[in-house]
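Working through the structure, step by step
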Amino acid sequence: MSALQHFRAPDGLAPGPGYSHAVTGRGRWVAIAGQIALDGEGKLVGPGDPEAQTRQVFANLDRALAAAGASFTDVIKLNYYLTDIAMLPLVRTIRSEYLDTARPPAATAVQVTALAMPDLMIEIEAWAVCAD
């Protein structure tokens, strides 16, 4: 595992709820494309169900990280795209099942009007740094 440094609240910045303002580390970069709530056959999981979609997205992120030889402990940045920002507390709860909440990655959350498919409610992309 790479040695990551998390800066949750640098001087002059208020602590964020469940994210670090900056994360740094040395190692091999891994970029995970935005994951959506599709199963292994390409079928939408949980139409109209934010929890089911979020759980599928995190499961997909987990699989993509593993394929690249990384894990959630290597994640330094998450970008959340939500069709309803009110989903964010639910997303944070499910995220906490995958991440070390004492050393969270940097994060950005954005409400968007639409995603790539009409029934999608969430998309998450990840950046990771893991051992060479």
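About the criteria used
Residues numbered from 1 in each chain as written. Predicted model: local features only at pLDDT ≥ 70, side-chain atom pairs only at ≥ 80, totals over all residues. Heavy atoms only, no water. Helix = DSSP H or I, 4+ residues; strand = E, 2+ residues; numbered from the N terminus. Rg over C-alpha atoms; globule rule 2.2 N^0.38 Å. Buried < 20%, exposed > 50% of the residue type's maximum accessible area, 1.4 Å probe, protein only. Arc of directions from axis to C-beta. Contact = heavy atoms within 4.5 Å. Pairing = 2+ DSSP bridges. Right-handed = clockwise from strand over helix to strand, strands pointing away. Axes fitted to C-alpha atoms, helices over the stretch in contact; angles between N-to-C directions. Core = buried A, V, L, I, M, F, W, Y, C linked by side-chain atoms within 4.5 Å. Polar contact = N/O pair within 3.5 Å; in protein donor to acceptor, adjacent residues only side chain to side chain.

**Looking at the overall build of the protein chain**
Summing up its helical and strand segments, the protein chain has 2 helices and 6 strands in all. Along the protein chain, helices and strands appear, N-terminal first, in the series β-β-β-α-β-α-β-β. Here the C-alpha radius of gyration of the protein chain, 15 Å, is about what a compact globule of 132 residues would show, namely 14 Å. Counting only C-alpha atoms, the protein chain reaches 40 × 35 × 20 Å along its principal axes. Relative to its full complement of 132 residues, the protein chain shows a buried share of 40%.

**Re helix α2 (residues 88-95)**
Buried within α2 we find Leu88, Val91, Ile94 and Arg95. Projected down its long axis, α2 carries its buried residues within an arc of 125°, all on one side. Tucked into the core, α2 has its buried residues touching α1 (50-67), β4 (75-82), β5 (106-111) and β6 (122-130).

**Topic: the pairing of β5**
Note: β4 against β5, 6 bridges, orientation parallel. By the bridge assignment, Leu78 is partnered in β5 with Ala107. The handedness of the β4 to β5 crossover, carried by α2, is right-handed.

**A closer look at the sheet that holds β4**
On the basis of which strands lie adjacent, the open sheet formed by 4 strands has the order β3-β6-β4-β5 and mixed pairing. With one partner strand each, in any of the chains shown, β3 (28-35) and β5 form the two edges of the open sheet. The sheet shows a mean angle of 10° between the axes of neighbouring strands, taken without regard to direction. Of the pairings in the sheet, the one linking β4 to β6 comprises 7 bridges and is antiparallel in character. Among the inter-strand pairings, Leu78 is bridged to a residue of β6, identified as Ala126. Here α1 sits on the sheet in contact with β3, β4 and β6, set at roughly 25° to β6. Its contacts with the sheet place α2 against β4, β5 and β6, and it is angled at close to 150° to β4.

**Brief notes about the nonpolar core**
If you look at the biggest cluster of nonpolar residues, it comprises 24 residues, and the most contacted ones within it are Phe58, Leu61 and Ile124. Only β3, α1, β4, α2 and β6 provide two or more residues apiece to this core. No other element matches β6, which puts 5 residues into this core. Once residues lying within four places of it in the same chain are set aside, the contact partners of Phe58 are Phe72, Tyr80, Val91, Ile94, Arg95, Tyr98 and Ile124.

**So, the environment of Asn79**
Tracing the chain through its elements places Asn79 in strand β4. Relative accessible area serves as the criterion here: at 9%, Asn79 is assigned to the buried category. Taking the C-alpha atoms as reference points, Asn79 and Ala68, 11 residues apart in sequence, are found 18 Å from one another. When near neighbours in sequence (up to four residues on either side) are disregarded, Asn79 contacts Thr108, Glu123, Ile124, Glu125 and Trp127. One polar contact links Asn79 to Glu125, side chain to side chain, over a distance of 2.6 Å.

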